[in-house]
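Summary of the model geometry
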Amino acid sequence: MAHEFYQHIKSHAEKNPEHPAIIDGETTVTYGQLLEKIKQFAGGLDNLKLNPESKLGLLCANQKEYLVACLGAFLKGLTVVPFNFMLKPEDLVFITKDAEIDSIVVDSMFIKPETKQFFNLFKNKILIGEAGPGALGEGTLHFEGFLNKGDREKAFTRHERKESIPDVILYTSGTTAQPKGVMLDETQFDINCEGFLSHLQFVSEDRVIMALPLFHSFGNIIALVILHVGGTLILLKQFAPKSILESIGKNRATILPLVPTIYSFLVELFARGGYDVSSLRYCVSGGAALPEILLKKVEEVLKVTVIEGYGLTETSPVIAVNTFADGSVPASVGPVLSNVRIKIADDKGEEMKQGDVGEIWVKAATVMKGYWKRPDETRATITSDGWFKTGDLGHLDEKNRLYISQGRKKDLIIRAGENISPLAIENALMSHPAIAEAAAVGVPDKRAGERVKLCVTLRQGVSATEQEIREFCRKKLPAFIIPDMIQFYDALPKNATGKVLKTQLRDP
């Protein structure tokens, strides 16, 4: 056990102990302070009644305590299971029982009448903030008190856990079925950071806006990359364009990582004036395909280069990302990382020619160990010779740059035998002046197999009729992919990172 991230933070703390590691509201945590808190937390875990199958759940917002607990658990060797705080109580209960989590760090903001039964599942409860008497039941420990009682010397006494249990179990969002636990190790995150940094040379002077939720793989790897290089994380509890823009100016942020839907709203708000983003060096986009028209708009409005990348929770997560040297490459998610191999495979798993569209398969040390307690699904996803099937459709160009050509394989719409890419429809619609968001999905049809349903939201203060959008589609799209029906929404349903939940849009 190499304690990779403890070693990185220790190195930064020794070189420059007063350099800010975390800015959380009005509180700044230096690298020297962060190192001590990590050791205190790891030492505190020694006081709990842990067993070889114990795991630590984290139900937190983007806050300093989340990072201290996560990194402290890494140091101790206790498995971490971050909770998506947007899940329903029944999903939280499912994850807790599925992963067999017996300890939890929780912020008081998540203590509600409907979650009372959920908290009864835990033997050890560590509370951040204040809550009413008995809110979490007997034996509740308060975070600061837990730290103060942590013996730093015991931080390095490794927790003895079962060999089959990984360092981290990241649960997928559960939008298509019950959440699945992805098994990963700290070493895989470190390897992924090294590959990422060979494309994007973040430095210790960088100050990064962390509006992406830390429990998500995108937010997780950005946070770890910044701690790897000794930069500063600016934590935001609100994933809102106004908060993001205000924080950029206030904290002189240099890097802004977001998902495409949030960029769309961000540039619209920024265009109204009153915000200073002159400190930004780069924007980073991931989590979903970035339409070319939106990329150009972000670069034009914010006057900063947008770097797009691609990855999945199951691959730790980054597979490919554009480079600072090349800048933005429209429609491409960049060259594949040097420590990652990919092939574009046909339905039989055979490698296709350069430029041909097929399923993206990945082989790397960063590919997950498997899905927690789901051997059949693991075997269906990872081949016997180690290739991970992403389920995404793409192609490579002559410079080994990857393109997500048709989106998710499962999202492909098959109407009367024709394969229709939702991505092609969505990218075209983003150039409509009245449309803020667009998502195309397939809905069942007895005759055609599927019909194309277009779901749109309109920009504030702008109107458009169904007929106007149909005319626009006829001008912009080939006849065989024009949507059959159009439905207007006040807002498209999204997960915690702002990714559109297409399963909900398929419902009648």
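For the structure, see preceding data.
Residues numbered from 1 in each chain as written. Predicted model: local features only at pLDDT ≥ 70, side-chain atom pairs only at ≥ 80, totals over all residues. Heavy atoms only, no water.

**A closer look at the pattern of salt bridges**
Here the structure, examined in full by the defined rule, presents 32 salt bridges. Two residues, lysine 409 and aspartate 347, come together in a salt bridge whose shortest N-O distance is 3.6 Å. Pair noted here: lysine 409 is in the loop between β21 (401–408) and β22 (413–415) and aspartate 347 is in the loop between β17 (340–345) and β18 (358–364), with a separation of 62 residues, a long-range link. Taking the relative accessible area as the measure of exposure, aspartate 347 reaches 73% and is therefore exposed. Across the pair arginine 415 and aspartate 484 runs a salt bridge, and its minimum N-O distance is 2.8 Å. You can see arginine 415 sitting in strand β22 and its partner aspartate 484 sitting in the loop between α14 (466–476) and β26 (485–488), a full 69 residues away along the chain. Residue classification places arginine 415 among the buried positions, given a relative accessible area of 10%. By relative accessible area, which is 27% here, aspartate 484 ends up partly exposed. (Salt bridge = Lys/Arg side-chain N within 4 Å of Asp/Glu carboxyl O. Helix = DSSP H or I, 4+ residues; strand = E, 2+ residues; numbered from the N terminus. Buried < 20%, exposed > 50% of the residue type's maximum accessible area, 1.4 Å probe, protein only.)

**Observations concerning unusual backbone geometry**
Most of the time, phi is negative for any residue but glycine, and the peptide bond is trans. Here serine 316 and proline 317 are connected by a cis peptide whose omega angle stands at 0°. One non-glycine residue with positive phi stands out, namely arginine 252, at about 50°. Along the chain, arginine 252 falls in the loop between α9 (241–251) and β12 (255–258).

**Comments concerning the sheet that holds β17**
A sheet is described by the order of its strands in space; here five strands give the open sequence β16-β21-β20-β18-β17, paired in antiparallel fashion. Since the sheet does not close on itself, it has two edges, and those belong to β16 (332–335) and β17, each with one partner. Within the sheet, the average angular offset between the axes of one strand and its neighbour, ignoring direction, is 45°. Inspection of the sheet shows β18 paired to strand β20 (residues 388–396) by four bridges, in the antiparallel sense. What sits directly across from glutamate 359, in β20, is leucine 393. (Pairing = 2+ DSSP bridges. Axes fitted to C-alpha atoms, helices over the stretch in contact; angles between N-to-C directions.)

**A closer look at the side chain of glutamate 65**
Within the fold, glutamate 65 resides in helix α3 (residues 64–76). The buried category is assigned to glutamate 65, whose relative accessible area is 9%. In this view, glutamate 65 contacts Asp24, Ile128 and Phe143; residues no more than four positions away in its chain are not counted. (Contact = heavy atoms within 4.5 Å.)

**A look at helix α4 (residues 89–99)**
The complete set of buried residues in α4 reads Leu92, Ile95, Thr96, Asp98 and Ala99. The inward-facing, buried residues of α4 abut β3 (55–59), β4 (79–82), α5 (116–119) and β8 (168–171). One or two positions beyond α4, positive phi appears at glutamate 100, with a value near 60°.

**Brief notes about helix α2 (residues 31–45)**
For α2, built from 15 residues, the straight-helix expectation of 21 Å at 1.5 Å per residue is met to within 8% by its first-to-last C-alpha distance of 21 Å. The buried count for α2 comes to eleven of 15 residues, which makes it a mostly enclosed element. All buried positions along α2 are accounted for by Tyr31, Leu34, Leu35, Ile38, Lys39, Gln40, Phe41, Ala42, Gly43, Gly44 and Leu45. (Expected span 1.5 Å × (residues − 1).)

**Some thoughts on the pairing of strand β24 (residues 435–445)**
One face of the sheet, then the other: side chains in a regular strand alternate in exactly this way. Counting buried positions along β24 yields nine of eleven residues, so the element is predominantly enclosed. Looking at chain direction, β24 and strand β25 (residues 449–458) are connected through ten bridges and run antiparallel. Within the sheet, the bridge partner assigned to alanine 439 lies in β25 and is cysteine 455. Where β24 folds back onto β25 in an antiparallel hairpin, the turn is made up of three residues.

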